[in-house]
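Structural features, examined
This is what each chain is made of:
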Amino acid sequence: MAMVRDYCICVGKVEYSETSQILNLFSRDHGLVRVIAKGAHRRTKAGASRFDGGIDLLDGGDAVFSFDPARELVPLTEWSLTEGRLDLRKNLRAIYLGLYAAELVSRLFEEHDPHREVFDRLSGVLMELSTARLEEAFLSFELDLLKESGYLPELFSCVECGIRMDGIGLSFFSPDRGGVICGRCESAIPDRQQLDGRLLRLLQGILRLPRGEMSVLRLPRLTRHQTDPINSMLVAHIEHRLGKRLRLPKYMLGR
Ligand SMILES: [Zn+2]
């Protein structure tokens, strides 16, 4: 079995026994991999455990593991922590957004399917979450992630009649139809929710920004007053598409 070294972010963790952890690592070149870190909590005579006392969600590190897509779980043989997210961990809001970002990555992609751009975006947003620009940084990451995974809802044209939606008239959103609905079609769509036209224009504006030169400084400053309804709408959409509830939204949205 080939041993590989790759840069990874921990996006899922189960304490497996007193001494071991099962981790879902998002690796830059190999995609999601499930590894077992045996002895993660066991101290050696020298005082340190093999994996620095255990690996935490969102930690970034250089990992060595055996790569075999035929196996569900492979051993992690080395881990050196490069990013413990100490600044992010000082702010509860940043922690929830970071954990939600990790949950989305672990749910929206298949195992062993590399997405280097998404990896770099996740790595970047985990740094931006410790700044004052966390709301807009997270939203822009979320939209990129949905686009890259094929889960982005239709946000420019009514999914029923195809008319361009500019956020001027009444706007609605339907998780069942996977997109926005205009004022003329809304009465026929049972699960529609009204969507503030200003928020729709905001989403469209972010989606139109050129990706290549994307920087958080080009995004409008946002508050939770704006991001909560958008995040909530996107959660409803993602849960509908997955057919499953997500774990983090209740913390992220405080509902
Ligand atoms: Zn319509």
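Residues numbered from 1 in each chain as written. Predicted model: local features only at pLDDT ≥ 70, side-chain atom pairs only at ≥ 80, totals over all residues. Heavy atoms only, no water.

A few words now on a negative patch on the surface. Judged by side-chain charge, Glu72, Glu110, Glu111 and Asp113 come together as a negatively charged surface patch. Note that glutamate 110 resides in the loop between α1 (92-108) and α2 (116-128). (Patch = residues over 30% accessible without salt bridge, like charges linked within 9 Å, V, L, I, M, F, W, Y side chains within 5 Å. Areas by Shrake-Rupley, 256 points an atom, 1.4 Å probe, with all protein chains shown as cover. Salt bridge = Lys/Arg side-chain N within 4 Å of Asp/Glu carboxyl O. Lys, Arg positive; Asp, Glu negative; His and termini not counted. Charge placed at Lys NZ, Arg CZ, Asp CG, Glu CD. Helix = DSSP H or I, 4+ residues; strand = E, 2+ residues; numbered from the N terminus.)

Unusually for a residue other than glycine, leucine 58 sits at a positive phi of about 80°. Checked against the element boundaries, leucine 58 lands in the loop between β3 (31-37) and β4 (60-67).

Further remarks concern the coordination of the zinc ion. Around the zinc ion, the donor atoms from the protein are Cys158 (SG), Cys161 (SG), Cys182 (SG) and Cys185 (SG), and they sit 2.3 Å away. In the primary structure, the donors to the zinc ion are separated according to the pattern C-x2-C-x20-C-x2-C. Its relative accessible area of 45% is what places cysteine 161 among the partly exposed residues. (Donors = N, O, S within 2.8 Å, 3.2 Å for Na, K, Ca; no water. Buried < 20%, exposed > 50% of the residue type's maximum accessible area, 1.4 Å probe, protein only.)

Structurally, the protein chain comprises domain 1 (1-84) and domain 2 (85-255). For domain 1 versus domain 2, the separation of C-alpha centres amounts to 29 Å. Each partner contributes residues to the interface: domain 1 has 24 residues there, and domain 2 has 23 residues. With both sides pooled, the region where domain 1 packs onto domain 2 buries about 2100 Å², and carbon together with sulfur makes up 63% of that total. For the interface between domain 1 and domain 2, the tally reads three salt bridges. Linking arginine 28 and aspartate 120 is a salt bridge whose minimum nitrogen-to-oxygen distance equals 2.8 Å. Scanning the region where domain 1 abuts domain 2 turns up nine residue pairs in polar contact (both at pLDDT 80 or more). Counting residues per element, the ones that place at least two in the side of domain 1 that touches domain 2 are β1 (2-15), β2 (21-27), β3 and β4. (Domains from an automatic or database assignment. Contact = heavy atoms within 4.5 Å. Buried area = accessible area lost by both parts, 1.4 Å probe. Polar contact = N/O pair within 3.5 Å; in protein donor to acceptor, adjacent residues only side chain to side chain.)

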